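Notes for the structure review
Residues per chain, in single letters:
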Amino acid sequence: MRAGRRFAMSAGAFAITIALTFLGLLAITFFIGRIIPIDPVLAVVGDRAPQEVYERVRVEMGLDRPLIIQFASYVGDVLTGNLGTSVTTGRPVASDLARVFPATLEMATLGIIIGVVLGVPMGVVAAARRGSLTDQAIRVVGLLGYSVPAFWLGLIGLLLFYARLQWVSGPGRLDIFYDGLVPTVTGLMLVDSIIAGDWTVFWNAVSHLVLPASILGFFSLAYIARMTRSFMLDQLSQEYVITARVKGVPERQVIWRHAFRPIRVPLITVIGLSYAGLLEGSVMIETVFSWPGIGNYLTSALLNADMNAVLGATLVIGAVFIAINKVSDVLYRVLDPRAR
């Protein structure tokens, strides 16, 4: 009975935290939209519209009401899935985001897989061989991941692997003659092509995806490897690790069973933050590769002063951050009983 009550209280507190965080995100996006020196009315009617037209549209958009009323209306619209209409596309922002977000999700997911699969072992090896040439090489790779501009690396990747070596396909998500051949089910091109059984489209999508995803993976790899190395160095200096070595436990077992297991919990947070960063920070990569994702959509909306699209994209990115952080918290509690 007590355990059930504790679980209910914990679940209630968790739900309240998510609700308050999301409400704070709504407030931030709303007031950013009011602070930015872009007139949403002018974006609709143009700067040569008569004053009476300007005033009529301003009233229709509800901008003549007090801010608190506007905010309440904004919260109600968001909760019902109404993010307004995009000035650029003429379609509801929610449908635009549902169309472009899967492209970013697909690229970022492959990028984080690359980052985890390569970054975690690299960090462990660097810590286990501290001060060696291997450690120095891995640290240099991490430094490059922090210092090299994303757009420059994307352009170099296109020049080398697409234009010169022709190992991968160029910008875009598909070659133009494959566009529209596969029915949209999930919005994820790899998944939809598998569902349709069209392997030609699948491999063409892979050829377009591998380069931008690898570049994103390189940036996440640098962060994950660096943090893994830091966590492992701390664990390898602990007394229980030294004791295991004195007892003659094989080094591989000391590293992966004794030292690595305790760092899984903080690594979840690192990987979650890195994944969220890839989802919202892929603007430059999407621009260089003409990738039809949320970053490209947000950039186009900013250039066209399309505030509904800007706020909608910002809200989605913020919601993704909240969701990933909360999932990380849940996994943290699952792996570490002390946090329950």
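Quick caveat, the model's predicted, so the values are computed rather than measured. (Residues numbered from 1 in each chain as written. Predicted model: local features only at pLDDT ≥ 70, side-chain atom pairs only at ≥ 80, totals over all residues. Heavy atoms only, no water.)

Take the pattern of salt bridges next. Tallying each qualifying case throughout the model produces five salt bridges. Asp96 is the partner of Arg91 in a salt bridge, and the nearest nitrogen-oxygen pair spans 3.0 Å. Between Arg99 and Asp96 there is a salt bridge, with its nearest N and O atoms 3.3 Å apart. Of the two residues, Arg99 and Asp96 both sit in helix 5 (residues 93-128), three residues apart, roughly one turn of that helix. A residue is classified by how much of its surface remains accessible, and Arg99, at 44% relative accessible area, is partly exposed. Three or more residues joined by partner-sharing salt bridges are found here, namely Arg91, Asp96 and Arg99. (Salt bridge = Lys/Arg side-chain N within 4 Å of Asp/Glu carboxyl O. Helix = DSSP H or I, 4+ residues; strand = E, 2+ residues; numbered from the N terminus. Buried < 20%, exposed > 50% of the residue type's maximum accessible area, 1.4 Å probe, protein only.)

The next subject is the environment of Arg164. With respect to the element layout, Arg164 can be found in helix 7 (residues 150-164). For the pair Arg164 and Val206, spaced 42 residues apart in sequence, the C-alpha separation works out to 19 Å.

Its 15 residues place the ends of helix 6 (residues 133-147) 21 Å apart at the C-alpha level, agreeing with the 21 Å of an ideal helix rising 1.5 Å per residue. Residues Asp135, Ile138, Gly142 and Gly145 constitute the buried set of helix 6. What you see down the axis of helix 6 is that its buried residues fit within an arc of 85°, all on one side. Exposed side chains of helix 6 directed beyond 90 degrees from the buried face belong to Leu133 and Leu143. (Expected span 1.5 Å × (residues − 1). Arc of directions from axis to C-beta.)

Turning next to helix 8 (residues 189-196). Among the residues of helix 8, those classed as buried are Met189, Leu190, Asp192 and Ser193. All buried residues of helix 8 fall inside an arc of 165° around its axis, so they share one side. Tucked into the core, helix 8 has its buried residues touching helix 5 and helix 9 (199-236). (Contact = heavy atoms within 4.5 Å.)

If you add up the space inside the largest pocket, you get close to 580 Å³. Forming the boundary of the largest pocket are 25 residues, of which Arg34, Met61, Tyr74, Gly84 and Asn308 lie nearest the centre. Counting only elements with at least two residues in the lining of the largest pocket, the list comes to helix 1 (2-35), helix 2 (40-45), helix 4 (67-79) and helix 15 (307-335). Of the residues in the lining of the largest pocket, the class split is eleven nonpolar, ten polar and four charged. (1 Å grid on protein atoms, 1.4 Å probe; cavity = no way out; pocket = protein on both sides within 12 Å on 5 of 7 lines; lining within 4 Å. Points joined across faces, edges and corners; volume = space filled by probe spheres on them. Nonpolar A, V, L, I, M, F, W, Y, C, P; charged D, E, K, R; others polar.)

Note that soluble globular proteins tend to have their nonpolar side chains buried in a common cluster. With 48 residues, the main nonpolar core has Met107, Ile215, Met232, Phe260 and Phe289 as its most contacted residues. A per-element tally of this core places helix 9 first, with 13 residues. The next biggest cluster of nonpolar side chains, apart from the first, holds 23 residues, and it includes Leu83, Leu298, Ala309 and Ile317. (Core = buried A, V, L, I, M, F, W, Y, C linked by side-chain atoms within 4.5 Å.)

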